[in-house]
Amino acid sequence: MAKKNGNGADEKLEQKLWKTADKLRKNIDAAEYKHVVLGLIFLKYISDAFDELYEKLKAGEGRYAGADPEDKDEYGAENVFFVPEKARWTYIQSQAKLPNIGKLIDDAMDLIEADNATLKGILPKTYGRSNLDPQTLGGLVDTIGTIALGDEKAKSQDVLGRVYEYFLGQFALAEGQKGGQFYTPESIVKLLVEMLEPYHGRVYDPCCGSGGMFVQSEKFIESHAGRVDDISVYGQESNQTTYRLCRMNLAIRGIDGSNIRWNTEGSFLNNAHKDLKADYIIANPPFNVSDWSGELLRDDVRWQYGVPPTGNANFGWVQHFLYHLKPDGGHAGFVLANGSLSSNTGGEGDIRQKLVENDLVECIVMLPKALFFNTGIPACLWFLRRGKKQRNGEVLFIDASELGYMIDRKNRVFATEDISKVADTYHNWLASASSATKPNTETEVTERSRSYEDIKGFCNSATIEDIRKHKFVLTPGRYVGIPDEEDDGIPFQEKVDTLTSKLRTQMDEAQVLDKEIAEQLAKIGIKL
């Protein structure tokens, strides 16, 4: 139940929980703090799911007749994690007031890992440290204990998903620049997923952070009545704590995270999925990274369109994505800094030219400012496809820089209709007639040509020849142009007369005010 805040507005469940959890932060770095809090939420979730099945097994009715509620295999068969007695939330909460509550939680995490192989080495065990106040930790346990997270009703309402997404966003805000290492704002992920439509096959993110791209892919499938088990996820992360966060994020949603890999070298130096050819790649690689060890990879097999400069990893990522796409229809959507659209430094322009000439670039979307919590660098979305079957020899440019709305002074989000506007434009463009994909009948021409049209200032379908004229610069503004001003029906001379009259009135008022100011200053002995 939401409660009222000081202004009389409803306070959401996740906001209430955040306020309680935030009390822990006084002696803990934000990067550590998120693992402490999300680890507890994870523990509560799996304990709720366990308790619900435990009661069914204990009752022994219907298909559960004769079942043993302490048999681990019974839980595995229902895709529920087995939780040992001293790791169950009821036990943890009964000990919440004890000074050693931190150690008891650490022990609980060890017990859960011992009985669930897929969680081995993933759960946080930092609750017993001296800088974690036992009283505040116990209070957080009590607060989380009031919220159902893993039972059937909570799952149907995605209570956990809401809480988890909210917390990840808040942690990203708290950590500033470092927050981008594990979190891509939901607006961007949703737009990428709506445009890629990963219904089935292998989805790969070589810099997967906390796994948000995979979670949204699953949500997309579920919302469109698809089969979640038709998709398999592959990923890699170089930060171990972020890798653990990703595995927990997937586990709480029942997504198989066994193909998420961690090593300290990262995807460039130690590619964990060397032979993977993915149906979809969806990613938000770190922007403009200069220390990516490019000097050690000058002869790498992935650089099929040119060797990326050692001082910037952007086109290293682009070619890594292409290398891992399946040849026939493999589709990638990813975030890059706007500089990737026009830079000629270190041969980047030559690589971009080859990508266009080989008809690999399908769509470029210019994003608005302030979408990211962690950087002010202007960003864009690239969409690449190997083995195009539609719109051959063309690239769709979309300028979405004016879409979205500010949720506070620093951060912008896309409204649902903004995401739909961009995604629908893209899909309509793919489905409509093009010079390379001619419709067969006059009726088909009429139906398909209605579905997409260039809109000045927003979208434009350009040919490779058009792009060549712009020296292979892919900035959408060059192609979509500036929107025409709407005619308000008022004649120009009438507007001039109105404005002139208004200006004359304001100038007269200014003279009166100047005279009044001079008179008032004279009264206190100041003459102008």
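The structure contained in this document is the topic of the report that follows. Note that the structure is a prediction, hence the values are computed from the model and not measured.

Cut-off values and rules
Residues numbered from 1 in each chain as written. Predicted model: local features only at pLDDT ≥ 70, side-chain atom pairs only at ≥ 80, totals over all residues. Heavy atoms only, no water. Helix = DSSP H or I, 4+ residues; strand = E, 2+ residues; numbered from the N terminus. Buried < 20%, exposed > 50% of the residue type's maximum accessible area, 1.4 Å probe, protein only. Contact = heavy atoms within 4.5 Å. Disulfide = S-S within 2.5 Å. Pairing = 2+ DSSP bridges. Axes fitted to C-alpha atoms, helices over the stretch in contact; angles between N-to-C directions. Phe/Tyr/Trp six-rings, centres within 6.5 Å; stacked < 30°, edge-to-face > 60°.

1. Here we look at the overall build of the chain
Okay, step 1: Secondary structure summary: the chain contains 19 helices and 13 strands in total.
Okay, step 2: For the chain, buried positions account for 49% of its 528 residues.
Okay, step 3: Taking contacts inside the chain between residues at least 6 apart in sequence as the whole, the part at least 24 apart equals 72%.

2. Comments concerning the state of the cysteines
Okay, step 1: Under the defined criterion, the tally for this structure stands at zero disulfides.
Okay, step 2: Left without a disulfide partner, Cys246 is nearest to the cysteine sulfur of Cys208, which lies 4.0 Å away.

3. A few points about the sheet that holds strand 4 (residues 231-237)
Okay, step 1: Strand order across the open sheet formed by nine strands is 5-4-3-6-7-9-8-10-13, with mixed pairing between neighbours. At either margin of the open sheet sits one strand with a lone partner, and together these are strand 5 (260-262) and strand 13 (459-463). When the angles between neighbouring strand axes are averaged without regard to direction, this sheet yields 20°.
Okay, step 2: Note: strand 6 (residues 280-283) against strand 7 (residues 331-337), four bridges, orientation parallel. Within the sheet, the bridge partner assigned to Ile282 lies in strand 7 and is Gly333.
Okay, step 3: The strands touched by helix 13 (residues 314-323) within the sheet are strand 3 (201-205), strand 6, strand 7 and strand 9 (379-385), with strand 7 carrying the most contacts at an inclination of about 175°.

4. Here's the deal with the packing of aromatic side chains
Okay, step 1: Summed over all chains, the structure comprises 16 aromatic pairs.
Okay, step 2: Seen from their ring centres, Tyr199 and Phe220 are 5.4 Å apart, and the 55° between their planes marks the pair as tilted. Residue Tyr199 is found in the loop between helix 9 (186-196) and strand 3, and its partner Phe220 is found in helix 10 (residues 212-223); the two are separated by 21 residues along the sequence.
Okay, step 3: Taking the relative accessible area as the measure of exposure, Tyr199 reaches 33% and is therefore partly exposed.
Okay, step 4: Judged by centre distance (6.1 Å) and plane angle (25°), the rings of Trp317 and Phe321 are stacked. Placement of the pair is Trp317 and Phe321 together in helix 13, with a separation of four residues, close to one helical turn.
Okay, step 5: By relative accessible area, which is 7% here, Trp317 ends up buried.
Okay, step 6: The exposure class of Phe321 is buried, given its relative accessible area of 0%.
Okay, step 7: An aromatic cluster is built from Phe268, Trp292, Trp303, Phe315, Trp317, Phe321, Phe334 and Trp382, whose rings are joined through pairwise contacts.

From the geometry alone we can't say anything about function, so treat these as descriptive.
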